[in-house]
Amino acid sequence: MHRRVPGHLLQCTNVSEVLDFLGFRGARAANPSRWSAEELARVLHALARWQRHSQTPMAEDPQWLLITSAAQNVHLEPQPLVSVAWALATTATRGVTIRRAVHGRLKEFQLKDLARLAWCSVELERPEVMLITLADEVTHRVTGARGARTGPILSVLDASQMAWAMARTLVESHPLMGVLQEELSLQLTSCDARHLSNSLWSFAKLACADPPFFHRAALAFAASCAKTGAQELTNCVWALAAVSHRADVGEDLIMQAKAQPQLSHQQLANLLWSAARLSCGRDLFADLLGLCKKQILDMSLVQLSAVAWACAALGGRSRSAQTKRSGYRDSELLQKLELVVANRHAEFTGRILTNLLWAFATFSQASPALAAAAGRGGLAMTAQEVSVAVWALATLEEADTLREMQSPQGAVSSGSFEALQLHEVASLAWGLGSATPKTNPVGAVRTFIRRYVFEMPTLPASADQRALAMLARGLLKLDLQDAFASLLDRTLLAKIDLAPDLASAFISGSVQLADLEREQAVWASLPHAPPRAWREAELLRFVRRWAAGRAAEVLVAAEDFCASRKVWLKVAGGQKADLLEAVVRVIQPRRVLEVGCYVGYSAVRLGSAVRSWHGEVWSVEMDPIYARLARQVVEHAGLSEVVKIWVGHSEEVLPRMTRGATPFDLVFFDQRGSRFLKDLQLLTRSGALSPGAVLVADNVLKPGAPKFLWQMVEPGPWRSAVVELKDFGPCGVLDWMSVSRWEGAEAVERHFESEAPELVRQLEWQADEMRWRSIDGHVSPAEWDQFAVRMKDSFFAAGLHPDMKKIEDLDSWLGDHKHGRLR
Ligand SMILES: C[S@@+](CC[C@H](N)C(=O)[O-])C[C@H]1O[C@@H](n2cnc3c(N)ncnc32)[C@H](O)[C@@H]1O
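Residues numbered from 1 in each chain as written. Predicted model: local features only at pLDDT ≥ 70, side-chain atom pairs only at ≥ 80, totals over all residues. Heavy atoms only, no water.

Trainee: Teacher, can you tell me more about the overall build of the protein chain here?
Mentor: Assigned secondary structure in the protein chain consists of 43 helices and eight strands. Dimensions along the principal axes, computed over C-alpha positions, put the protein chain at roughly 115 × 55 × 55 Å. A total of 823 residues make up the protein chain; the buried ones form 56% of that total. Considering only residue pairs separated by 6 or more positions, the protein chain has 76% of its internal contacts joining residues 24 or more positions apart. Accessible area of the protein chain: about 35,300 Å², with a carbon and sulfur share of 52%. Seen as two clouds, the 90 positive and the 89 negative side-chain charges of the protein chain have centres 2 Å apart. (Helix = DSSP H or I, 4+ residues; strand = E, 2+ residues; numbered from the N terminus. Buried < 20%, exposed > 50% of the residue type's maximum accessible area, 1.4 Å probe, protein only. Contact = heavy atoms within 4.5 Å. Areas by Shrake-Rupley, 256 points an atom, 1.4 Å probe, with all protein chains shown as cover. Lys, Arg positive; Asp, Glu negative; His and termini not counted. Charge placed at Lys NZ, Arg CZ, Asp CG, Glu CD.)

Structure, rendered in structure tokens:
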């Protein structure tokens, strides 16, 4: 079928000239119904080959249409019929069918002809009807012939053509795919890379690949692809990514594809999408993204949204359950995307919009134009897309748009959510709950969410815990207390080994509902010393053994534990403890708040300092296992009356604990740096800070809290100083702690509204990325040091020049508060 086209044929400029060249002139040319079946097939075939090379559109040409209709009315032998099918398929001629000609005659065709017909059928009318007939026949013949043969029955070319046709037509769950897999398995070592790539693509598209076969086929492709082109490489990489194959093979192939000259926009977008799905290395991803960025403004919206999706999704499959994706934030790309959004949002479909929204929300990048596009109810969004959009808009705090989506014409009101999966319902519940005032319950959707929880089937032990935690929080935000209780009961019933975040959501939710019974049930389900907390459990044993129940001894024992066992614990010891004590000595706070208690080391230090003037410490910890250990450490130090430990995420606990409480004089932020600003906002909005309160924040350099630091050094209600010191532990990595004094409540909101410059936002992202990396794997002290130095230089480059102080300067700097003015 793909023989070379004769040179003379190539020189023809229209259909008549081709007919003339083939010897059909005058009245004979005008009367194809008089031609023999073989003549018809020969002419159609030649015309199709001419069209393929000349790229001249022919499907509407009157002479071509006459010939094709004549071909439908004659009886063709199998060979000419395959030729005609090929001609019709390659010229994308519509309205002509060969189905009837083939019907009832399949036995006359050889296996290879059936495969060619399958390949052609993709472009013909109602392909699935013909394809299923062909697939049944091939399956029947190959399985029937197996008894008599040990080797392959279908050639690699035939098998790959059949597979490709099935995938293009999306014929799912047909036994033929299993047959083709077996046929290909027998010939993997001798397969041509092009056919292998087509086959892998087809199996992945139909999600029907058996992993060992896929792996062997991928290795066979990698071994034979040295001379293949970009399309084959892209297809194969896409297939590996779609079935979540091992990253290493995919990464090698992406490197090869990247080196191909002139990758098309589609190939680039596919490669980047695949690189994200395969969790490729960041350098390789950055190289590919560099190529995409050069062409981004010429890409189609679908390609562009795939690029955005890939950037947000990179690193999504992290090893530990605690971590989330960090994505790949690129300022230049975001700026270009903003430009596209501003100019072309009217053309967005639901999928394009939600991909972009998801990426912007992942990067905490506000985009009013994008939010406005989502608000217009006219966009036909599927229920899944609505759930993504709602989550993204809530993350970006676009409450107005969310309300618009819930108007009678909006996508939320008109959506039908019955087919949503757990994580999608969770996004919907959390998103709507985050942005909807309690006075405006979201009607039918709220009823659906409640029913979904009550009708949920038994949860498997492998249930998606991040989704469950999000759903639990969403239910409380939507005031669906009975559904929250039901979700908690079902989860405990399933004997799921609770991850910290889910346990924390359940405990803090039960406390909020004053449901002591359920709170205790969750505590009882938690192991005392899970493997991830063995060091912390060891610390408690060590402290109990070597410290005689006084705070000072507990602190020394904890430090000895780190030194003697050569373990590093993330506590504010050493110079950091000196700084905390210096601040406490100067301001003598009555009420202290700590966010990030861990095992209670700094809580004990703060508690023992404020005890002498009857002060108290409230400490928040989101991980119940750590919180329980911390309570035991505090109890052993004899400080249970002074230190109160609250369990839950700061976002949930702070509003609850500050309601009607006496304001705090000292706050110590030791949670994740990217929470600092949000938690500070919660505190100032709820009036939880006393006049002149002092805020100490740890790790503002390493991994860093750039947005927070930028706000604190900007002119406004805070006066801040930064102390450079060494982290606790044997390596003593460089770090900063900030000390800020609140000078009044005026202009607080305005202060928070000012947006940090792009470079600072970029640094914020880098800090978070490093934080997740350190949770997910090991970061060496040398890497931390390099990171800290780079961060410092970047701060200065961003114009962030804090007032640097030494610990001994704090006394005079905080002078106003000396001698306990706050008492
Ligand atoms: C660096 S450790 C705290 C060390 C402790 N302050 C000390 O010096 O002994 C950080 C702790 O904060 C907790 N955490 C992180 N983000 C939090 C949040 N948003 N709310 C409550 N706890 C959080 C973590 O689980 C972790 O135990």
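Trainee: I'm lost on the site of the ligand in this one. Help?
Mentor: Among the 20 residues in the neighbourhood of the ligand, the closest are listed as Ala572, Gly596, Ser602, Glu621 and Asp670. Here Met622 contributes a backbone N or O atom positioned 3.2 Å from a nitrogen atom of the ligand. Interatomic distance of 2.9 Å between a side-chain N/O atom of Ser650 and a nitrogen atom of the ligand. A total of 600 Å² of accessible area belongs to the ligand in isolation, and the protein chains cover 91% of it. Among the secondary structure elements, those contributing two or more residues to the shell around the ligand are helix H34 (601-610) and strand E2 (616-621). Across the shell around the ligand, the residue classes break down as eight nonpolar, six polar and six charged. (Near = heavy atom within 4 Å. Polar contact = N/O pair within 3.5 Å; in protein donor to acceptor, adjacent residues only side chain to side chain. Nonpolar A, V, L, I, M, F, W, Y, C, P; charged D, E, K, R; others polar.)

Trainee: Would you explain the pairing of strand E3 (residues 643-647) in this entry?
Mentor: Within a regular strand, side chains alternate between the sheet's two faces. Most of E3 sits inside the fold, with four of its five residues counted as buried. Pairing analysis gives five bridges linking E2 to E3, with the strands arranged parallel. Of the residues in E3, the one forming a bridge with Val617 is Val643. Crossover E2 to E3 through helix H35 (residues 624-636) is right-handed. (Pairing = 2+ DSSP bridges. Right-handed = clockwise from strand over helix to strand, strands pointing away.)

Trainee: Would you mind showing me how to read helix H15 (residues 247-258) here?
Mentor: The end-to-end C-alpha distance of H15, which contains 12 residues, comes to 16 Å, matching closely the 16 Å that a straight helix rising 1.5 Å per residue would cover. Residues of H15 that are buried: Val249, Gly250, Leu253, Ile254 and Ala257. Taken around the axis of H15, the buried residues stretch over an arc of 135°, which confines them to a single face. Taken together, the buried residues of H15 touch helix H13 (211-224), helix H14 (230-242), helix H16 (265-277) and helix H17 (282-295). (Expected span 1.5 Å × (residues − 1). Arc of directions from axis to C-beta.)

Trainee: Where do I start with the side chain of Ser160 in this structure?
Mentor: Structurally, Ser160 is set in helix H10 (residues 156-168). Not counting residues within four places of it along the chain, the set of residues in contact with Ser160 comprises His195, Asn198 and Ser199.

Trainee: What is the right way to look at the packing of aromatic side chains in this model?
Mentor: Pairs of aromatic rings are described using the distance from one ring centre to the other and the angle between the two planes. Applying the stated rule across the entire model yields 25 aromatic pairs. With a centroid separation of 6.1 Å and 20° between ring planes, the pair formed by Trp238 and Trp273 is classed as stacked. Taken together, the residues Trp238 in helix H14 and Trp273 in helix H16 connect sequence positions 35 residues apart. When the centroid spacing of 5.2 Å and the interplanar angle of 50° are considered together, the rings of Trp618 and Trp646 count as tilted. One end of the pair, Trp618, is in strand E2; the other, Trp646, is in strand E3, with 28 residues separating them in the sequence. Following the ring pairs from residue to residue traces out a cluster consisting of Trp201, Trp238, Trp273, Trp309 and Trp358. When the ring centre of Trp618 is taken as origin, the NZ or CZ atom of Arg591, which lies over that ring, is 4.1 Å away. (Phe/Tyr/Trp six-rings, centres within 6.5 Å; stacked < 30°, edge-to-face > 60°. Lys NZ or Arg CZ within 6 Å of the ring centre and 35° of its normal.)

Trainee: Could you clarify how one ought to interpret the domain arrangement of the protein chain in this entry?
Mentor: Interfaces are often sized by the accessible area lost when the parts come together. Here the protein chain is partitioned into domain 1 (350-475) and domain 2 (542-812). Computed from C-alpha atoms alone, the centre-to-centre distance between domain 1 and domain 2 is 34 Å. For the domain 1 and domain 2 pair, buried surface summed over both sides reaches about 500 Å², with 42% attributable to carbon and sulfur atoms. Looking at the side of domain 1 facing domain 2, the largest losses of area belong to Phe363, Gln365 and Arg473, adding up to 56% of the total buried there. (Domains from an automatic or database assignment. Buried area = accessible area lost by both parts, 1.4 Å probe.)

Trainee: Looking at this model, I keep getting lost on the nonpolar core. Mind explaining?
Mentor: Most often, soluble globular proteins keep nonpolar side chains buried together rather than apart. Ranked by size, the top nonpolar core spans 260 residues in total, and within it Ile98, Phe285, Ile449, Leu471, Leu579, Val583 and Val696 carry the most contacts. Residue-level mapping places this core at the junction of two domains, with at least three residues from each of domain 1 (350-475) and domain 2 (542-812). The contacts of Phe285, once residues within four sequence positions are left out, are Leu272, Ala275, Ala276, Ala310, Cys311, Leu314 and Tyr328. If you look at the next biggest cluster of nonpolar residues, it comprises 46 residues, including Val653, Met657, Phe795 and Leu800. (Core = buried A, V, L, I, M, F, W, Y, C linked by side-chain atoms within 4.5 Å.)

Trainee: Just checking my understanding: could you explain the confidence of the model for the protein chain for this structure?
Mentor: When pLDDT drops low, the exact placement of atoms in the prediction is not to be read closely. The pLDDT averaged across the protein chain works out to 89; a share of 94% of its residues lies at or above 70. The low-confidence segment residues 819-823 (pLDDT under 50) makes 12 contacts with residues lying over four places distant or belonging to another chain. (pLDDT = per-residue confidence, 0-100.)

Trainee: Before we go on, may I ask you to explain the environment of Val102 in this structure?
Mentor: Mapped onto the fold, Val102 is located in helix H7 (residues 99-102). Taking relative accessible area as the criterion, Val102 reaches 5% and is therefore assigned buried. Spatially, the C-alpha atoms of Val102 and Glu77 are 9.9 Å apart, while their sequence positions differ by 25 residues. Excluding residues within four positions of it along the chain, Val102 makes contact with Leu81, Phe109, Leu117 and Met130.

Trainee: Help me understand helix H18 (residues 301-313), please; the structure alone is not making it clear to me.
Mentor: Spacing of three or four residues puts side chains on the same side of an α-helix, whose turn is 3.6 residues. Helix length check: H18 (13 residues) gives 18 Å between terminal C-alpha atoms against 18 Å at 1.5 Å per residue, within 8%. Among the residues of H18, Leu301, Gln303, Leu304, Ser305, Ala306, Val307, Ala308, Ala310, Cys311, Ala312 and Ala313 are the ones counted as buried. Following H18 by one or two positions, Gly315 has its phi on the positive side, about 80°.

Trainee: Please clarify how the packing of helix H26 (residues 443-454) against helix H28 (residues 481-493) should be interpreted in this entry.
Mentor: Helix-helix packing: each pair is described by the crossing angle between the helix axes and the interaxial distance. In contact at an axis separation of 9 Å, H26 and H28 are set at 25° when each is read in the N-to-C sense. In terms of their interaxial angle, H26 and H28 are classed as roughly parallel. When the axes of H26 and H28 are compared, the crossing they make is left-handed. Listed contacts from H28 to Arg450, Val453 and Phe454 of H26 are Asp482, Ala483, Ser486, Leu487 and Arg490. Looking at the contact of H26 with H28, its residues break down into four nonpolar, one polar and three charged. (Axes fitted to C-alpha atoms, helices over the stretch in contact; angles between N-to-C directions. Parallel < 35°, antiparallel > 145°, perpendicular 65-115°, else oblique. Left-handed = near helix turned anticlockwise from the far one by under 90°.)

Trainee: How do you make sense of the sheet that holds E3 when you look at a structure like this?
Mentor: Hydrogen bonds along the backbone pair up the strands of a sheet, which may run parallel or antiparallel. Taken in spatial order, the eight strands line up as E3-E2-E1-E4-E5-E7-E6-E8 in an open sheet, and their pairing is mixed. Strand pairing shows two members of the sheet lacking a second neighbour, E3 and strand E8 (804-805), which therefore form its edges. Of the strand pairs in this sheet, strand E4 (residues 664-669) and strand E5 (residues 689-697) are connected by five bridges, and their pairing is parallel. Note on E5: the bridge partner recorded for Phe669 is Ala697.

Trainee: When you look at the pairing of strand E1 (residues 591-595) in this model, what are you seeing that I'm missing?
Mentor: Of all five residues in E1, five are buried; the element is thus mostly enclosed. Burial along E1 is two-sided: Arg591, Leu593 and Val595 facing one way and Val592 and Glu594 facing the other are all buried. Note: E1 against E2, five bridges, orientation parallel. Bridge pairing in E2 links Val595 to Val620. Direction of pairing for E1 relative to E4: parallel, over a ladder of four bridges. The residue bridging Val595 from the neighbouring strand is Phe669, located in E4.

Trainee: Looking at this structure, how should I read the pattern of salt bridges?
Mentor: It is possible for side chains bearing opposite charge to pair when their charged atoms get close. Tallied over the entire structure, the rule returns 44 salt bridges. Across the pair Asp20 and Arg25 runs a salt bridge whose closest N-O atoms are separated by 2.7 Å. (Salt bridge = Lys/Arg side-chain N within 4 Å of Asp/Glu carboxyl O.)

Trainee: What should I look at first to understand the environment of Ile507 in this one?
Mentor: Checked against the element boundaries, Ile507 lands in helix H29 (residues 500-512). Among the residues examined, Ile507 registers a relative accessible area of 0% and is labelled buried. Each C-alpha atom, one on Ile507 and one on Glu783, is 37 Å from the other, the two residues being 276 residues apart in sequence. Contacts of Ile507, omitting those with residues within four sequence positions, involve Glu519, Val522, Trp523, Leu526, Pro624 and Val647.

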